[in-house]
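# Overview (structure and organization)
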Amino acid sequence: MPTPHINAADGDFAPAVLMPGDPLRAKRIAEQYFDSPRLVTEVRGILGYTGTVHGRPISVMGSGMGMPSLTIYATELVRHYGVRRIVRVGTMGGASDVLSLGDVVAASGAHTDSAILTRRIPGATFSATPTFALLRAAVEHAEAHGIPLHVGTVFTTDVFYQPEDQTVARLLAHGTLAIEMEAAGLYAVGAELGIETLTVGTISDYVHRSEEMTSEQRETTFGDAVRVAIAALQS
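Below: a short report on this structure. Nothing here was measured: the structure is a model prediction, and the numbers come from that model.

Moving on: the overall build of the protein chain. What the protein chain contains, in helices and strands, is eight helices and nine strands. Taken against the 2.2 N^0.38 rule, which gives 18 Å for 235 residues, the C-alpha radius of gyration of the protein chain at 17 Å falls within 12% of a compact globule. Overall, the protein chain is about 45 × 45 × 30 Å in size when its C-alpha atoms are taken along their principal axes. Per-residue burial for the protein chain yields a buried fraction of 54% across its 235 residues. At a minimum sequence separation of 6, the contacts of the protein chain that also span at least 24 residues come to 75%.

What follows is the structure, encoded as structure tokens:
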């Protein structure tokens, strides 16, 4: 049934959903990768589509930027539309020197500076991790198709313009690969509601180097990540 943020009808969403941040990226994914995509929601400009890939139903919907926005949409998809798998696919900022622009990262865990997670279980540090079956399927697809895929932890932050401090440097020293703004929130929703989740991202810029994709490249350079994400969803 429609919610305050989604106006799709019952049955409009497939059980498996891709979730980029940018609604226009959701539109591009539907048009480029789905057979017979149809628009199922457009509240506040957050576009959602359902179609098929290899004859199997699949949906894609934008989440907006950051954990507060993503957790609203992910929660409503699960509670009101029966969604059972969500894979976030988007961009990340590279923190590790092993990464190049366009590389794909699968987040095996997500550190965060957000109170969204610290308030979930008072007295404990919640470990934000994906569903292993989805992560394994992503790795297997990448290996089978020659897609370089880096697997490791990311830093999910509420702050896009980071102040100069030692947080990122210390995270990098502890093996963190990249920085983004949604994975930890998605993993927490998955753990709370009992669904499968994963985050797959494309490196669009760097934390400590002045090299980055253009806005157009950020919207269009996502093919490898999307193919890995779809394979995980359909595993």
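With that out of the way, let us pick up the nonpolar core. If you look at the biggest cluster of nonpolar residues, it comprises 69 residues, and the most contacted ones within it are Phe13, Leu18, Ile29, Phe34, Leu77, Ile86 and Leu198. When neighbours within four sequence positions are excluded, Ile86 is seen to be in contact with Val17, Met19, Ala74, Leu77, Val78, Leu186, Ile195, Glu196, Thr197, Leu198 and Leu233.

Okay, the packing of aromatic side chains next. For the coordinates displayed, the defined rule picks out three aromatic pairs. Look at Phe13 and Tyr81: their rings are 5.3 Å apart centre to centre, the planes differ by 65°, and that puts the pair in the edge-to-face class. Of the two residues, Phe13 is situated in the segment before β1 (16-19) and Tyr81 in helix α2 (residues 67-81); the sequence distance between them amounts to 68 residues. Residue classification places Phe13 among the buried positions, given a relative accessible area of 6%. The class for Tyr81 is buried, based on a relative accessible area of 10%. Taken together, a centroid distance of 4.9 Å and an interplanar angle of 80° make the contact between Phe160 and Tyr161 edge-to-face. One exposure class covers both Phe160 and Tyr161, and it is exposed.

Under the defined criterion, the tally for this structure stands at eight salt bridges. Lys27 is the partner of Glu31 in a salt bridge, and the nearest nitrogen-oxygen pair spans 2.6 Å. Linking Glu31 with Lys27, this pair stays in helix α1 (residues 23-33), spanning four residues, or about one helical turn. By relative accessible area, Lys27 is classed as partly exposed at 30%. A salt bridge links Arg88 to Glu182, with the shortest nitrogen-to-oxygen separation between them at 2.9 Å. Linking Arg88 in strand β5 (residues 85-94) with Glu182 in the loop between β8 (178-180) and α6 (183-193), this pair joins segments that are 94 residues apart in sequence. When sorted by exposure, Arg88 lands in the same class as Glu182, which is buried. One connected set of salt bridges, linked through shared partners, spans Arg79, Arg120 and Glu192.

Counting through the fold element by element, Glu192 comes out in helix α6. Ignoring sequence-local partners within four residues, the contact set of Glu192 consists of Arg79 and Arg120. In terms of polar contacts, Glu192 uses its side chain to reach the side chain of Arg120, at 2.9 Å.

Between its first and last C-alpha, helix α4 (residues 132-144) extends 18 Å over 13 residues, near the 18 Å set by a 1.5 Å rise per residue. Along α4, the positions that sit buried rather than exposed are Leu134, Leu135, Ala137, Ala138, His141 and Ala142. What you see down the axis of α4 is that its buried residues fit within an arc of 160°, all on one side. With respect to the buried face of α4, the exposed residues turned more than 90 degrees away are Phe132, Glu143 and Ala144. Contact partners of the buried residues in α4: β5, β6 (104-112), β7 (149-156), β9 (196-206) and α8 (223-233).

What counts, and where the lines are drawn
- Residues numbered from 1 in each chain as written.
- Predicted model: local features only at pLDDT ≥ 70, side-chain atom pairs only at ≥ 80, totals over all residues.
- Heavy atoms only, no water.
- Helix = DSSP H or I, 4+ residues; strand = E, 2+ residues; numbered from the N terminus.
- Rg over C-alpha atoms; globule rule 2.2 N^0.38 Å.
- Buried < 20%, exposed > 50% of the residue type's maximum accessible area, 1.4 Å probe, protein only.
- Contact = heavy atoms within 4.5 Å.
- Core = buried A, V, L, I, M, F, W, Y, C linked by side-chain atoms within 4.5 Å.
- Phe/Tyr/Trp six-rings, centres within 6.5 Å; stacked < 30°, edge-to-face > 60°.
- Salt bridge = Lys/Arg side-chain N within 4 Å of Asp/Glu carboxyl O.
- Polar contact = N/O pair within 3.5 Å; in protein donor to acceptor, adjacent residues only side chain to side chain.
- Expected span 1.5 Å × (residues − 1).
- Arc of directions from axis to C-beta.

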